[in-house]
Amino acid sequence: MCHSGIFPKEDAMSLGRSKEQQRSMWLAYDQIPQSQGHVFYEQLQKILRQGGFDSFLETLCAPFYANNIGRRSIPPGRYFRMLLIGYFEGIDSERGICWRCGDSLSLREFLQLGPAESVPDHSSLCRIRQRLPLEVHHEMFVYVLRLLEKANLLKGKYLGIDASTMEANAAMKSIVRRDTGESYQQMLLRLAEESGIKTPTQAELVAFDRKRKGKTTSNKDWQSTTDEEARIAKLKDGRTHMAYKSEHVVDLESGAIVSAVVHPADQGDTKTLASTLLDAQAKLGVVKDADASGSAGSFDLVADKGYHSRDVLKHLPDTCRSRISEPGNKGRLRWHGDTAARDAVYGNRNRIGSSTGKALLRARGEKVERSFAHSLDRGGMRRVHLRGLANVEKRYIIHIAGFNLGILLRALFGFGTPKGWADAPAALIFASIGKVHVLIMAIWPPEGAGKPDCPMIVCMSFAG
């Protein structure tokens, strides 16, 4: 048994006991719990404020609100900051973003919320998303590209392109036939009865569906009743589901995403390449202050074999040099007088066979796939919680803007995510000068360690 007599007098402490809390009617501001702040969000806040983030968005969004009439809306900067938090925290739904912001004092500080202000509800985010058109979200994305351009991180000389799938917020059970409106279950029941199975059970229907011939779920015949713009596709994990297709154009020198467009999942790579590449050229032209023709200079386009076709190679812009992988050898090529296609295919083959072409293909496999891993898998957008192509792209383009801001912060401070900054190890430098050895330790502050602008440097010297 422990007695208080065994502790020194200066270490004595009485036991605290829980009791009912009496809420005060008035509370001074200095009595409100304050956050020590998160270094990552503090540095991000500085970058946004230096670039006039809030004033830019308020000017951009002003035409979509009434002039001094009605209740004040949520500031546009707060709305876009919450979507950025969705990327950095890896949260897939807007409801989850609101819960996370309400639970964190450092995120409240990042959102510039006063002590009497509450975190916006997910229904408010939905209302703002419906009010602001898709073009406003793309303008915010271009604003982030300008920040990268000022930091000399956006080159635009070598561009890689690829696509991935996102699971839509619609179940396969909700699909119906486009011609008759018959559901899949009703179709199975009708076919089973026509084959001689009277009043089939669910197990019999499953067995019948597994063995029947000609079983297909083509997008020409079927559509979803909950999300008509979602399409049936095979996901990256092999499952067949309602999905959307996201396509990235990535600067292979910096890893920044120049363009991100969401397409229906049933459109092939060769069909969506032209529109995505046009969007990337337009954004680069705006950011780099291109000439009157809208061109931002010549560039090399690097892609995998899914983008290889004669029509694609023939109709690429004059400023584009293709380096697209070829599919397996299918025998002797026949051109039938199409010299433009012949020259384009053979020119592309020569370029991918060079040392530069091989290096660019390796860079595409690394940096373009990394962009999908960060934005979809780690960022939480592999499954969307919105319906409709425009709604999905509005959320996704701001998600990608967060990815680009992470690249900017990684270039400036070495860490591009809050978790990476919080778990940053100490950097050790060991140097020898004669018989004296010097150990230099650079310690980056972890989460909740105050508000320093630079790492703490510790130097120790000793004789050898």
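Summary of the structure given here. What you see is a predicted model; the values in this text were computed from it and never measured.

1. So, the pattern of salt bridges
1) Next: For the coordinates displayed, the defined rule picks out 23 salt bridges.
2) Next: For Glu117, the salt bridge identified is with Arg78, shortest N-O distance 3.6 Å. Taken together, the residues span a long stretch of sequence, with Glu117 in the loop between helix 5 (105–110) and helix 6 (122–131) and Arg78 in helix 3 (residues 76–88) at a distance of 39 residues.
3) Next: According to the relative accessible area criterion, Glu117 is partly exposed, its value standing at 38%.
4) Next: One salt bridge connects Arg364 with Asp162, and the closest N-O pair in it is separated by 3.2 Å. In this pair, Arg364 sits in helix 13 (residues 355–378) while Asp162 sits in strand 1 (residues 158–167), placing the two residues 202 residues apart along the sequence. Take Arg364 and Asp162: they sit in the same class, and that class is buried.
5) Next: Shared partners join several salt bridges into a network, and the residues in it are Glu167, Asp237, Arg239 and Arg383.

2. Here we look at the layout of surface pockets
1) Next: The calculated volume of the largest pocket comes to roughly 620 Å³.
2) Next: If you trace the largest pocket, you find 19 residues lining it, with Tyr65, Arg71, Arg72, Ser73 and Ile74 closest to the centre.
3) Next: Secondary structure elements with two or more residues in the lining of the largest pocket: helix 2 (53–61) and helix 6.
4) Next: Sort the elements by how many residues they give to the lining of the largest pocket and helix 6 lands first, with four residues.
5) Next: The class makeup of the residues in the lining of the largest pocket is nine nonpolar, five polar and five charged.

3. Some thoughts on the packing of aromatic side chains
1) Next: A full pass over the atoms with the stated rule returns eleven aromatic pairs.
2) Next: Ring geometry for Trp335 against Tyr346: centres 5.5 Å apart, planes inclined by 75°, an arrangement best described as edge-to-face. One end of the pair, Trp335, is in the loop between strand 8 (320–324) and helix 12 (339–353); the other, Tyr346, is in helix 12, with eleven residues separating them in the sequence.
3) Next: Given the relative accessible area of 33%, Tyr346 is considered partly exposed.
4) Next: For the cation-ring pair, Arg81 lies above Phe110, with the distance from its terminal atom to the ring centre recorded as 5.7 Å.
5) Next: The ring of Trp222 is capped by Arg177, whose NZ or CZ atom sits 5.4 Å from the centre of that ring.

Basis of the calculations
- Chains are numbered independently. Their residues run from 1 in the order of the written sequence.
- Local features in this predicted model are restricted to residues of pLDDT 70 or higher, and side-chain atom pairs are both shown and tallied only at a pLDDT of 80 or more, whereas totals for entire chains, interfaces and linings draw on every residue.
- Values reported for side chains reflect all heavy atoms of the structure, with hydrogen atoms and water molecules removed beforehand.
- One speaks of a salt bridge when a side-chain nitrogen belonging to Lys or Arg is within 4 Å of a carboxyl oxygen belonging to Asp or Glu.
- Helical segments are the DSSP runs of H or I of at least four residues, strand segments are the runs of E of at least two, and each set is numbered from the N terminus.
- Note on exposure labels: buried denotes an accessible area under 20% of the residue type's maximum, exposed denotes more than 50%, and partly exposed covers the range between, all computed with a 1.4 Å probe on protein chains only.
- Note on definitions: the grid is 1 Å and covers protein atoms alone; a cavity is a set of points where a 1.4 Å probe fits but cannot get out; a pocket is an open set with protein on both sides within 12 Å along at least five of seven lines; lining residues have an atom within 4 Å of a point.
- Grid points are joined across faces, edges and corners, and a volume is the space filled by probe spheres set on the points.
- Residues are sorted three ways: Asp, Glu, Lys and Arg are charged, Ala, Val, Leu, Ile, Met, Phe, Trp, Tyr, Cys and Pro are nonpolar, and all the rest, Gly among them, are polar.
- Here a pair means two rings of Phe, Tyr or Trp (six-membered ring of Trp) with centres within 6.5 Å. Their orientation is stacked below 30 degrees between planes, edge-to-face above 60, and tilted elsewhere.
- By definition, being over a ring means that NZ of Lys or CZ of Arg is both within 6 Å of the ring centre and within 35 degrees of the ring normal.

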